[in-house]
Structures are given as structure tokens and as C-alpha cells.
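Structure at a glance
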Amino acid sequence: MSKAKITTRKIAKQLSHLSEAFRQAFSKQSQARCKEAAPTFMHLTLTQLYYIHAIASKPSITSSDLSKIFDVQRPTVTNIVSRLCKAGLVEKVQCETDRRVYHLSLTENGKHIMAAQDYTCKQIAATAEKIFTPEELDTFYEYNDRLLRNL
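What comes next is a walk through the structure. (Residues numbered from 1 in each chain as written. Predicted model: local features only at pLDDT ≥ 70, side-chain atom pairs only at ≥ 80, totals over all residues. Heavy atoms only, no water.)

A word on the sheet that holds strand 3 (residues 102-106). One open sheet accounts for three strands, arranged 1-3-2; its pairing is antiparallel. Two strands lie at the open edges of the sheet, namely strand 1 (61-62) and strand 2 (90-94), each paired on one side alone. Judged from the two bridges that link them, strand 1 and strand 3 form a sheet pairing that is antiparallel. Bridging across to strand 3, Thr62 finds its partner in His103. (Pairing = 2+ DSSP bridges. Helix = DSSP H or I, 4+ residues; strand = E, 2+ residues; numbered from the N terminus.)

Listed below in C-alpha cells is the structure:
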């Protein structure tokens, strides 16, 4: 077996462990911040989390906007948004000037999910600052930035 395959396998395993550790930390924060939202988080898909982020980032976003952002058909967006509404994380408000349009926003539970994720990211960053030297942090950031640019 080539060394590259071993490295790739180890990296994949580490990424999987990191992802699970992040999910568990995020779950604890969700539970601490809003007991009603915590069980919902455990059942969210990655795609649903992307939608929650998109809705949080743009006030008065519409399903058409999400369709363009994620390059998917409107029925796909409608399905995901409906599930998020049913879960109590997103609400739809009918536009006053065009009754065919609905603006999407996060409910309080949706905002708690976003706040818990933000807090978890900051806690993980604080842990990294404690265990890595400034030079290691710079290298860590450079490597992550390069990886993200190439995904």
C-alpha cells in the first residue's frame, strides 16, 4: 500500500473524529441554550443546516433565493423549508406587496441553533489557542484555508 493512501485514510479518519466531536459539542450547547431545540438538532441533515445558515445570513430571503444559492429546483427548496418549518426552526411570512412570495426567517429555536453553533466554534477556537503555539495556529489556519479554497 502506498504511503499516500495511508495518509489519506488517516486524514479521513481524523476529519470524521473532528466532525463527530464538533457535533457532540454543538449538541451539548444546543441543549444548554434551548432544551426544545436540542432534540431537533440531532435530526437535522447537513443540507438543512446549510439552509438554516443561508436563512440566517440574509434577512427576508425567499425560496427563489435559496434555489439560486444552492443551484437546486424550487420543489427541492420547498421540501427542505417545509421540514424546517415543521421542526419549528424556520417561519414563512407572506410578502405584503406580492402575495405569491414568502420571506423566510429563523424562529427563536432556529436562532438558538445558530447561537449554539457560533458558541461551539468559538469554544473550539479558544481550545486551539490554548494548545497550539502562535506559529502552529498560523500554520493550522493556512492549511485549513487552502483546504477550504479547494473543496
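And the narrative resumes.
The next thing to look at is the pairing of strand 3. Relative to strand 3, strand 2 is paired through five bridges, and the arrangement is antiparallel. Residue pairing in the sheet places Lys92 in a bridge with Leu104 of strand 3.

Running from N to C, helix 4 (residues 63-70) and helix 5 (residues 74-86) cross one another at 115 degrees; their axes reach a closest spacing of 9 Å. When the axes of helix 4 and helix 5 are compared, the pair comes out roughly perpendicular. Once helix 4 is placed against helix 5, the crossing between them reads as right-handed. Across the interface between the two elements, Ser63, Ser64, Leu66 and Ser67 of helix 4 pack against Arg74, Val77 and Val81 of helix 5. The residue inventory of the contact of helix 4 with helix 5, partitioned by class, reads three nonpolar, three polar and one charged. (Axes fitted to C-alpha atoms, helices over the stretch in contact; angles between N-to-C directions. Parallel < 35°, antiparallel > 145°, perpendicular 65-115°, else oblique. Left-handed = near helix turned anticlockwise from the far one by under 90°. Contact = heavy atoms within 4.5 Å. Nonpolar A, V, L, I, M, F, W, Y, C, P; charged D, E, K, R; others polar.)

Let us look at helix 6 (residues 108-131). The terminal C-alpha atoms of helix 6 lie 35 Å apart, and with 24 residues this matches the ideal 34 Å at 1.5 Å per residue to within 8%. For helix 6, the complete set of buried residues consists of Asn109, Gly110, Ile113, Met114, Ala116, Gln117, Thr120 and Ala128. (Expected span 1.5 Å × (residues − 1). Buried < 20%, exposed > 50% of the residue type's maximum accessible area, 1.4 Å probe, protein only.)

This part is about the pattern of salt bridges. All told, the structure shown has five salt bridges when counted by the stated rule. A salt bridge links Arg100 to Asp98; its shortest N-O distance comes to 3.0 Å. Using a relative accessible area of 74% as the deciding quantity, one classes Arg100 as exposed. (Salt bridge = Lys/Arg side-chain N within 4 Å of Asp/Glu carboxyl O.)

Let us look at a nonpolar patch on the surface. The grouping of Ile11, Leu15 and Leu18 at the surface amounts to a nonpolar patch, some 300 Å² of accessible area in total. Inspection of the secondary structure puts Leu15 in helix 1 (residues 3-33). (Patch = residues over 30% accessible without salt bridge, like charges linked within 9 Å, V, L, I, M, F, W, Y side chains within 5 Å. Areas by Shrake-Rupley, 256 points an atom, 1.4 Å probe, with all protein chains shown as cover.)

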